[in-house]
Amino acid sequence: MRDERWEKLTAAADTVRGRLEEPPTVAITLGSGLSEAFGVPDGGTRIPCSDIPGFPAPTVAGHAGEFWSGRIGRVPVLLQRGRTHYYEGRSMDDVAFAARLFALLGVKTFIVTNASGAIRSDLSAGDLVLITDHINMLGANPLRGPNLDELGPRFPDMSAAYTPRLRAVARAAATAEKIELKEGIYVATLGPSYETPAEIRAFRAMGADLVGMSTVPEVIAASHAGMEVLGISIATNLAAGVDPNAALTHDEVIETTRRKGAELRRLIVAVLARLEI
Ligand code: HPA
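What comes next concerns the included structure. This is a predicted model, so every value here is computed, not measured.

Let's talk about the overall build of the protein chain
From N to C terminus, the protein chain includes seven helices and nine strands. In the protein chain, the share of contacts with a sequence separation of at least 24, taken over all contacts with a separation of at least 6, comes to 83%. A total accessible area of about 11300 Å² is found for the protein chain, and carbon and sulfur atoms account for 51% of it. With 29 positive and 33 negative side-chain charges, the protein chain shows a separation of 3 Å between the mean positions of the two kinds.

A short note on the site of the ligand
Close to the ligand lie Ala115, Ser116, Gly117, Tyr194, Glu195, Val211, Gly212, Met213, Thr236, Asn237, Leu248 and Val253, which account for all nearby residues. A distance of 3.4 Å separates a nitrogen atom of the ligand from a polar backbone atom of alanine 115. Here a nitrogen atom of the ligand and a side-chain polar atom of asparagine 237 are 2.7 Å apart. Mapped by element, the contributors of at least two residues to the shell around the ligand are β5 (109-118), β8 (210-212) and β9 (228-238).

A word on the pattern of salt bridges
For side chains bearing opposite charge, pairing can occur when the charged atoms are close. Evaluated as defined, the whole model comprises 17 salt bridges. In this structure, the salt-bridge partner of glutamate 218 is arginine 83, at a minimum N-O distance of 2.5 Å. Of this pair, glutamate 218 sits in helix α6 (residues 216-224) while arginine 83 sits in the loop between β4 (75-81) and α3 (92-104), placing them 135 residues apart in sequence. Of the two residues, glutamate 218 and arginine 83, neither departs from the other in class, the shared state being buried. Arginine 120 is paired through a salt bridge with aspartate 122; the nearest N and O atoms lie 2.6 Å apart. A residue is classified by how much of its surface remains accessible, and arginine 120, at 26% relative accessible area, is partly exposed. Each of Asp3, Arg5, Asp93 and Arg100 takes part in one network of salt bridges that share partners.

Quick look at the packing of aromatic side chains
Summed over all chains, the structure comprises four aromatic pairs. Their ring planes at 85° and their centres at 5.3 Å tell us that phenylalanine 55 and phenylalanine 67 sit as a pair that is edge-to-face. Here phenylalanine 55 is found in the loop between β2 (42-48) and β3 (66-72), whereas its partner phenylalanine 67 is found in strand β3, with 12 residues between them in sequence. Comparing phenylalanine 55 with phenylalanine 67 shows no difference in burial state: the two are buried. Given a relative accessible area of 1%, phenylalanine 67 falls into the buried group. Following the ring pairs from residue to residue traces out a cluster consisting of Phe55, Phe67, Phe97, Phe102 and Phe110. Geometry around phenylalanine 38 places arginine 265 over its ring, the cationic atom sitting 4.9 Å from the centre.

Some details on helix α1 (residues 4-19)
One turn of an α-helix holds 3.6 residues; hence residues three or four places apart share an orientation. With 16 residues, α1 extends 23 Å from end C-alpha to end C-alpha; this agrees with the ideal 22 Å at 1.5 Å per step. Every buried residue belonging to α1 is among Arg5, Trp6, Leu9, Ala12, Ala13 and Val16, and all of these are buried. For α1, the angular spread of the buried residues around the axis is 130°, confining them to a single face. Relative to its buried face, α1 has exposed residues pointing more than 90 degrees away, namely Glu4 and Gly18. Buried positions along α1 lie against β2 and α3.

A word on the side chain of asparagine 114
Tracing the sequence through the fold places asparagine 114 in strand β5. Ignoring sequence-local partners within four residues, the contact set of asparagine 114 consists of Gly31, Arg83, Ile131, Tyr186, Ser214, Thr215, Ile232, Ser233 and Ile234.

Considering the packing of α3 against α6
The description of two packed helices rests on the angle between their axes and on the distance between the axes. Two elements in contact, α3 and α6, have axes whose closest approach is 8 Å; the angle formed by their N-to-C orientations is 55°. Accordingly, the angle class assigned to the pair α3 and α6 is oblique. Crossing of α3 over α6 shows right-handed handedness. When α3 is examined against α6, the residues Met92, Val95, Ala96, Ala99 and Arg100 are found in contact with a partner set consisting of Pro217, Glu218, Ala221 and Ala222. For the contact of α3 with α6, the per-class residue count stands at seven nonpolar, no polar and two charged.

Reading guide: rules and limits
Residues numbered from 1 in each chain as written. Predicted model: local features only at pLDDT ≥ 70, side-chain atom pairs only at ≥ 80, totals over all residues. Heavy atoms only, no water. Helix = DSSP H or I, 4+ residues; strand = E, 2+ residues; numbered from the N terminus. Contact = heavy atoms within 4.5 Å. Areas by Shrake-Rupley, 256 points an atom, 1.4 Å probe, with all protein chains shown as cover. Lys, Arg positive; Asp, Glu negative; His and termini not counted. Charge placed at Lys NZ, Arg CZ, Asp CG, Glu CD. Near = heavy atom within 4 Å. Polar contact = N/O pair within 3.5 Å; in protein donor to acceptor, adjacent residues only side chain to side chain. Salt bridge = Lys/Arg side-chain N within 4 Å of Asp/Glu carboxyl O. Buried < 20%, exposed > 50% of the residue type's maximum accessible area, 1.4 Å probe, protein only. Phe/Tyr/Trp six-rings, centres within 6.5 Å; stacked < 30°, edge-to-face > 60°. Lys NZ or Arg CZ within 6 Å of the ring centre and 35° of its normal. Expected span 1.5 Å × (residues − 1). Arc of directions from axis to C-beta. Axes fitted to C-alpha atoms, helices over the stretch in contact; angles between N-to-C directions. Parallel < 35°, antiparallel > 145°, perpendicular 65-115°, else oblique. Left-handed = near helix turned anticlockwise from the far one by under 90°. Nonpolar A, V, L, I, M, F, W, Y, C, P; charged D, E, K, R; others polar.

All we've got here are geometric facts, nothing functional implied.
What follows is the structure, given as structure tokens:
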């Protein structure tokens with residue numbers, strides 16, 4: 001018996017493939033506020049999510065919900081502007097849909113970006129942070145349920161989900177571009193409420209440096225499907241309670257991503273130029 005999820009994915013992939021001039025080797029997911037700052041690939045083609053059968057369109061303000069295919073430098077890319085979050089009420093399959101779609105399209109490298117709150121005391125609002133690992137506090141996993149054997153194994157290893165090779169490429173690109181790139185471990189929370197100061201203290205004790213409401217499901221699904229992953233976060237604010245006098249707002253998150261988006265783009269362009277694919 002065919003798995004309904006697989007049928008949906010292959011139908012979506014067929015549609016997207018029909019709209020592409022060439023198969024993408026790299027997919028890039030842009031987080032909150034980053035879509036505008038990042039722009040689109042030169043000579044790119046827009047594919048709205050609503051044109052893709054079965055695609056779960058995102059609902060959050062600041063997320064456009066579209067793909068752009070094209071080239072950045074010499075690399076054929078597929079850009080995802082606006083992602084689906086678990087807090088929107090969608091299923092984990094929906095949240096992981098785009099990552100799996102990338103796998104079906106033959107993407108080998110998945111670059112995932114996000115906005116996060118800074119937990120570690122040496123991190124500041126506006127820092128670019130290379131994600132080295134994650135902690136899943138969503139209470140859910142996109143691989144739950146019958147395994148999609150076409151994509152990957154039942155019990156995939158997550159020891160090197162954030163590919164060491166790509167992290168080294170990102171560090172070299174940052175140095176060459178004179179961009180300060182810190183490193184940290186990302187904890188994913190369900191949201192949509194921001195964390196309490198007590199939760200942030202607990203996450204710090206667990207070893208988390210950054211907190212956010214995305215990325216982890218996509219990375220699990222991408223890693224399961226055999227893609228290499230590079231994760232870069234913009235620490236948009238200090239996490240709850242880190243500055244006892246500050247309150248958290250979505251506006252601050254969006255404002256910081258807009259401010260740092262161009263720098264993140266420059267970093268990603270430099271990474272793409274260094275990829276041997
Ligand atoms: N917490 C959770 N998600 C976030 C934050 C935060 O402080 N900042 C940006 N996304």
